[in-house]
Amino acid sequence: MRKVLVKKKRYVDSVSLMSVAGRVNELEGVENSEVAMATIINQRVLKEEGYELPSDITPDDLVIAVDCESEKRCDEAIQAAMDIIDRKNVESDVEFTSLDDAELKAETFDLCQISLPGEYVYTEAIKALDKGLDLFIFSDNVTLDEERKIKEYGKKKGKLVMGPDAGVGLINGVAFAAGSMNSFGPVGIVGASGSGAQEVACLIEHRGLGVSQIIGTGGRDLYPEIGGITMLEGIEALEKDDNTKVIVLVSKLADINVMDKVLYRADECKKPVIAIFLGSDESLFEKHKVEAAFSLEEAGLKAVEKITGVKQDPQFSDEEIKQLAKEEVAKLPLERKYFRGLYCGGTFTEEGLLYFSRHNKNILLHSNLSNKYAEKLADSHKSVGHTILDMGAEDFTAEAPHPVFNPELRLKRLREELKDPEVGVVLLDFITGPGVARDPIGSHAKEIKKLRDSGLPVIFIANICGSDNDPQNIKEKVKLLKDAGVIVTGSNYESAKIASAMMDELERRQVNG
Amino acid sequence: MDKKMKVINIGISSFYDALAEQGVEVAQIDWKPPVKINDELANKVKEIMASDFAEKMNKANDDAVNMLINADPVWVGVDLAGNVIEGLDDYTVTHSGPPISFDEMVMLHQRGMVSACLFEGWAKTEEEALELIKSGKIKMISALDTNTVGAGTGIITKNVAMIIVKDRHNGKVTATFPAEGIKFQGGFCGWGLYSKEIAENLYYMRDHLLPPMDKVAKNKGGLPLKPILAESMQMGDENHTRQSAADLLFEHQILLDMAKIDDMPRQQVLDSMNYIVETPRFFHCFGQGASRAANLGNVGREYSTMVTAVCGNGVRFGIKIAALGDEWFETEAPYMTGQYTSSKFTIDDQLPWIGDSCVVECAGLGGLAAAASPIVCNLRGMTLKEAIGQTREMEKICISKNYNYPIPNLDFDFLPSGIDMMKVIETGICPCIHGGMFNKEGGLIGAGMARVPMECFEKAFKAYCEKYGL
């Protein structure tokens, strides 16, 4: 519908007006808009476009004409145009063009966060270190050679270099990139896996404690070419940090020599250290004093135990999980026989796959990832049997924004999966924080509720890796999920345990008929 | 933990928002990718600059830029194009941009050629005009190969009345086409439209609107344009996309004199005054004439690497370098980025760069003068600081500064002048040019900016090296 607002005798320079309509057109539900002085020519143009103008309109009047899907959208669009014209919500922040900008006084800052295309990172990173700033580098696609040089230079300058490819960090109470705003507490974390480190931090927070720092090293810090420079620096920093009582090291399985080097350094640490190298077995820790963990959940709970001295149990006991799986799966029609894990966290996908491959040994798993845990899908866009997807992997993010930053991609896949009459169980992980999608959970919960209300017999399992302090308000979102009939677990590991038990049930039913 | 973090964010702006939301003191850097430099050519430039040859080149460039700085453009009157433009004889039509054949031309130019034949009476019908053009009888010349400027489509024939500007410093005379008035924003000389009414208007301008102006110019003994340009640059114009101040200053100079005309019909004088006042950006053609006249004094200046012309024909974009005379160095015409006049337009409606009006950039106005006109830059969403940044960037590729243009936003520092091919190649910075966006179907649909493509400079540089055995 079309709506026209005329501001009598309101003059705005035509040049200033030219950009207003373009910005209004970007708003949701706006088909077209024109914002102009009502000159004779403009009146003609507006009439040609089908807008009705009041008969007393004169060239001295400002006219805002909008064509939107609803009256409400029209009003919003008109308001938005007026806000732009009246310069409401305009940040008067000075923008700077480079670190060298004299007015910026870069030297007076503490840290520089970089999220540029990889090829440009090196130059800016060195510049920032020269200005005496710590670094948090979110960018990927930095060459290993450049990464090593940046990290060595940082070490020489006594500066912390987090990343490249660091997804999560919490430094002096400030969350970076996709990180959560975890409460302050006695556990310090150094993580080569961003989501892994955040999962540990959130588990600790949900048990009433908090974290001192989360130092994200970047995903390749434990490659032989880098040699764990940042992880070693991170251990050093946390060892000196008075607020840190216990240290947790989080990584995926990495180069054996580098892991050993890190563990030797950790052995010498004056503070208790818990380490997890997701996918490793006990032999890795044989020669070391460091306490080993084999799931993110275990790492988090052990850290809490170290501080409180009280044994920590997962939310669901093994017996409860078995019972839950049995009861829920029994409600599904027999033809619903497959599991679909739609992950957006890379480490969470891996932790899930790892668990399933160890506990559902005779079940064939499919995945878009190539690894020893599952068969690679011929087409990532088509699930087969039991499928576990890392939707943050390149085969998906090449087409659309990463689902952690924009839920659309996974929502679309979820709708597709639910059209498959053989799907019985769906797993979702959620990541919250000030730097990620504003409402990843609500959008999924709404979709699930709609489908369940229409009688769709599918089991949903979900967990949220996030802090209660995050702007997404996860307490409320847990309620939304539960209202939609979703089983909300305490950790990614627990989600995997439940999914695994359900897969067993699904298979058993097929065998028993 | 006690210390409040201060963070600089380079990159994704939502990360800036996330930090600000946490109450962190955060500065966002509006980062742009570094310019790409052709190392081989850039090294060659450095080599030349370090050689004995540089002395001759620098001297020539000083002379060239002084031709701009010392320019003394004066509006001397109105005359028929055929009387002033060199080579504009019968059956000759100028067009904008580097030379191009009829078959290669964009529709606007083709239609302009046909319109020109009808206007001059060389053909009675469109079919006849097309036949005439295809027979090869119509000579098509690039406006910037002679002493005019092809603004828009630049279609000009001998019977079109033009504004005549003479540069008293170098003696060069140019003729530029005056805007056609508010009802005819689309005449064939400018924006590539044609109709019987538009043609009649061209005669009306020649016979009715422009004679009183000619009289005033002659009565005044010529109107110096430099003071108007200089003052308007301090009042928010960059004199390419915006002439709001220049229009007023110009009118202030002539309207009283027009009112005093006593040997012409009263109504004619009033119509003429009305035409001047009503036409937006009326002064544009004067600025173009002044810029072109100054640059004509540099065409063929031995050793000088200064750019004397940049323009497009909707297909190709071309530049000229002082020492290389009238040789063109061309590549594909770029698209402009900016704002459309109506949100119904998109890039699909837009024609690649067409028009010669960036002769004004060659004289240090327009894109080089962004700092003088933040309001024009704001069209493209730029802040004052970014507008200043654009001029500061242009300084890096200019020979000198022009003390005629002290700019308040630059704390009265002077605008850069004289684009130097050598500096463009050495720095990788391409000149910013402002201009109007054209609809493929004709008509002006927006305003914005483009960069002169680097390929033009690379080709010109190679030709320069060849010419001087470098």
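Keep in mind that what you see is a predicted model, and the values were worked out from it rather than measured.

1. Comments concerning the overall build of chain B
When helices and strands are tallied, chain B shows 15 helices and 17 strands. Of all 470 residues assigned to chain B, the portion counted as buried reaches 60%. Within chain B, contacts between residues at least 6 apart in sequence are counted, and of these 70% link residues at least 24 apart. Roughly 17,600 Å² of accessible area belongs to chain B as shown, and the carbon and sulfur atoms make up 51% of that amount.

2. Brief notes about the pairing of strand S15 (residues 413-419) of chain B
Residue and element names in this part refer to chain B. Extensive coverage of S15 is indicated by the burial of six of its seven residues. Bridging between strand S14 (residues 398-407) and S15 involves six bridges; their strand directions are antiparallel. Each residue of the ladder has a partner; that of Ser400, found in S15, is Ser417. In sequence, S14 turns back onto S15 through a hairpin of five residues, with Asp411 there showing a positive phi of about 55°.

3. Here we look at the sheet that holds strand S4 (residues 111-115) of chain A
The strand order S6(A)-S5(A)-S4(A)-S1(B)-S2(B) describes an open sheet built from five strands, whose pairing is parallel. In this open sheet, the two edge strands, each paired with only one partner strand, are strand S6 (161-162) of chain A together with strand S2 (25-29) of chain B. Sheet analysis places strand S5 (residues 134-137) of chain A next to S6(A), joined by two bridges and oriented parallel. Bridge pairing in S6(A) places Phe136(A) opposite Met162(A). Most of the contacts of helix H4 (residues 121-130) of chain A go to S5(A), to which it runs at about 155°, and overall it touches S4, S5 and S6 of chain A together with strand S1 (6-11) of chain B.

4. Structural notes on the environment of Gln234(B)
Residues and elements named next belong to chain B. Mapped onto the elements, Gln234 comes out in the loop between helix H8 (226-233) and helix H9 (244-259). In this structure, Gln234 is in contact with Pro406, Pro408 and Phe412, ignoring residues within four places of it in sequence. Of note is the side chain of Gln234, whose polar atom sits 2.7 Å from the backbone oxygen of Pro406.

5. Brief notes about the sheet that holds strand S7 (residues 173-176) of chain B
All names here are of chain B. Taken together, the four strands give an open sheet; going across it, the order is S7-S6-S3-S8, and neighbouring strands pair in antiparallel fashion. Of all strands in the sheet, those bounded by a partner on one side alone are S7 and strand S8 (223-224). The pairing of strand S3 (residues 73-80) with S8 spans two bridges and is classified as antiparallel. The residue bridging Trp75 from the neighbouring strand is Leu223, located in S8.

6. Here's the deal with the packing of helix H7 (residues 229-240) of chain A against helix H8 (residues 256-267) of chain A
All names here are of chain A. The interhelical angle for the contact between H7 and H8, taken along N-to-C directions, is 15°, at an axis separation of 10 Å. Viewed along their axes, H7 and H8 adopt a mutual orientation that is roughly parallel. Crossing handedness for the pair H7 and H8: right-handed. Contact with H7, carried on its side by Met231, Leu232, Ile235, Glu236 and Glu239, involves Lys261, Val262 and Arg265 of H8 and no other residues of that element. Partitioning the contact of H7 with H8 into residue classes produces four nonpolar, no polar and four charged.

7. Considering unusual backbone geometry
Note the cis peptide between Gly163(A) and Pro164(A), where omega equals 5°. Position of Pro164(A) among the secondary structure elements: in the loop between S6 and strand S7 (168-171). A positive phi angle, close to 60°, is found at Asn239(B), a residue other than glycine. Assignment of secondary structure puts Asn239(B) in the loop between H8 and H9. Non-glycine residue Phe412(B) carries a positive phi angle of around 70°. Summarising the element assignment, Phe412(B) is placed in the loop between S14 and S15. For Phe412(B), a relative accessible area of 48% gives the class partly exposed.

8. Observations regarding the packing of helix H2 (residues 39-50) of chain B against helix H15 (residues 454-467) of chain B
All names here are of chain B. Running from amino to carboxyl end, H2 crosses H15 at an angle of 40°, the nearest separation of the two axes being 12 Å. Here H15 runs oblique to H2, going by the angle between their axes. The way H2 lies across H15 gives a crossing that is left-handed. For the pair formed by H2 and H15, the contact residues are Leu41, Lys44, Val45 and Ile48 on the first element and Glu458, Phe461, Lys462 and Cys465 on the second. For the contact of H2 with H15, the class distribution of residues is five nonpolar, no polar and three charged.

9. Thoughts on a negative patch on the surface
A cluster of like negative charges, contributed by Glu126(B), Glu127(B), Glu128(B) and Glu131(B), occupies part of the molecular surface. Here Glu126(B) shows up in helix H6 (residues 126-134).

10. A word on the interface of chain B and chain A
On the side of chain A, 53 residues touch chain B, which itself brings 39 residues to the contact. Roughly 4,100 Å² of surface becomes buried between chain B and chain A when both sides are summed, with 59% attributable to carbon and sulfur atoms. A salt bridge links Glu49(A) to Lys344(B), with the shortest nitrogen-to-oxygen separation between them at 3.8 Å. Counting across the chain B and chain A interface gives 14 residue pairs in polar contact (both at pLDDT 80 or more). Elements that contribute at least two residues to the side of chain B that touches chain A include exactly S1, helix H1 (13-21), S2 and strand S12 (337-340) of chain B. The biggest single contributor to the side of chain B that touches chain A is S1(B), with six residues.

11. Quick word on the pattern of salt bridges
With the rule as written, the count across this model stands at 63 salt bridges over all chains. With a closest N to O distance of 3.7 Å, Lys302(A) and Glu291(A) form a salt bridge. Placement of Lys302(A) in helix H9 (residues 296-308) and of Glu291(A) in strand S13 (residues 291-293) is noted, with a sequence separation of eleven residues between them. The exposure class assigned to Lys302(A) is buried, which follows from its relative accessible area of 18%. The exposure class assigned to Glu291(A) is partly exposed, which follows from its relative accessible area of 26%. The closest approach of N and O atoms between Lys158(B) and Asp90(B), which form a salt bridge, is 2.9 Å. Here Lys158(B) is found in the loop between strand S5 (139-142) and strand S6 (161-167), whereas its partner Asp90(B) is found in the loop between helix H4 (81-84) and strand S4 (92-95), with 68 residues between them in sequence. Look at Asp90(B) and you get partly exposed, because its relative accessible area is 41%. Each of Glu28(A), Glu69(A), Lys72(A), Arg73(A) and Glu76(A) takes part in a single network of salt bridges with overlapping partners.

12. A closer look at the pairing of S4(A)
Among the five residues of S4(A), five are classified as buried, and the element is accordingly described as predominantly covered. Going residue by residue along S4(A), you find Leu111(A), Gln113(A) and Ser115(A) tucked away on one face and Cys112(A) and Ile114(A) tucked away on the opposite face as well. Here four bridges tie S4(A) to S5(A), and the two strands are oriented parallel to one another. The residue of S5(A) that forms the bridge with Leu111(A) is Asp134(A). On the question of chirality, the crossover connecting S4(A) to the parallel S5(A) by way of H4(A) is right-handed. Strand direction decides the pairing type here: S4(A) and S1(B), joined by five bridges, are parallel. Considered in S1(B), the bridge of Ile114(A) is made with Ile10(B).

13. Things to note about the packing of aromatic side chains
This model, assessed by the stated rule, comprises 25 aromatic pairs over all chains. With a centroid separation of 5.8 Å and 55° between ring planes, the pair formed by Trp75(B) and Phe250(B) is classed as tilted. A residue pair is termed long-range when its members are at least 10 positions apart, and Trp75(B) in strand S3 and Phe250(B) in helix H9 qualify at 175 residues. The class of Trp75(B) is buried, set by a relative accessible area of 0%. Residue Phe250(B) is classed as buried on the basis of its relative accessible area of 1%. Residues Phe250(B) and Phe286(B) carry aromatic rings whose centres are separated by 4.6 Å and whose planes lie at 45° to one another, so their mutual orientation is tilted. Of this pair, Phe250(B) sits in helix H9 while Phe286(B) sits in helix H11 (residues 284-296); the two residues are 36 residues apart in sequence, bridging distant segments of the chain. Exposure remark for Phe286(B): the relative accessible area of 0% places this residue in the buried category. Members of the aromatic cluster, each reached through a chain of ring pairs, are Trp75(B), Phe250(B), Tyr275(B), Phe282(B), Phe283(B) and Phe286(B). Sitting over the ring of Tyr51(A), Arg2(A) keeps its end group 5.4 Å from the ring centre.

Cut-offs applied
- Residues numbered from 1 in each chain as written.
- Chains lettered and ligands numbered in written order.
- Predicted model: local features only at pLDDT ≥ 70, side-chain atom pairs only at ≥ 80, totals over all residues.
- Heavy atoms only, no water.
- Helix = DSSP H or I, 4+ residues; strand = E, 2+ residues; numbered from the N terminus.
- Buried < 20%, exposed > 50% of the residue type's maximum accessible area, 1.4 Å probe, protein only.
- Contact = heavy atoms within 4.5 Å.
- Areas by Shrake-Rupley, 256 points an atom, 1.4 Å probe, with all protein chains shown as cover.
- Pairing = 2+ DSSP bridges.
- Axes fitted to C-alpha atoms, helices over the stretch in contact; angles between N-to-C directions.
- Polar contact = N/O pair within 3.5 Å; in protein donor to acceptor, adjacent residues only side chain to side chain.
- Parallel < 35°, antiparallel > 145°, perpendicular 65-115°, else oblique.
- Left-handed = near helix turned anticlockwise from the far one by under 90°.
- Nonpolar A, V, L, I, M, F, W, Y, C, P; charged D, E, K, R; others polar.
- Patch = residues over 30% accessible without salt bridge, like charges linked within 9 Å, V, L, I, M, F, W, Y side chains within 5 Å.
- Salt bridge = Lys/Arg side-chain N within 4 Å of Asp/Glu carboxyl O.
- Lys, Arg positive; Asp, Glu negative; His and termini not counted.
- Charge placed at Lys NZ, Arg CZ, Asp CG, Glu CD.
- Buried area = accessible area lost by both parts, 1.4 Å probe.
- Right-handed = clockwise from strand over helix to strand, strands pointing away.
- Phe/Tyr/Trp six-rings, centres within 6.5 Å; stacked < 30°, edge-to-face > 60°.
- Lys NZ or Arg CZ within 6 Å of the ring centre and 35° of its normal.

Read these as layout, nothing more, since geometry by itself doesn't imply function.
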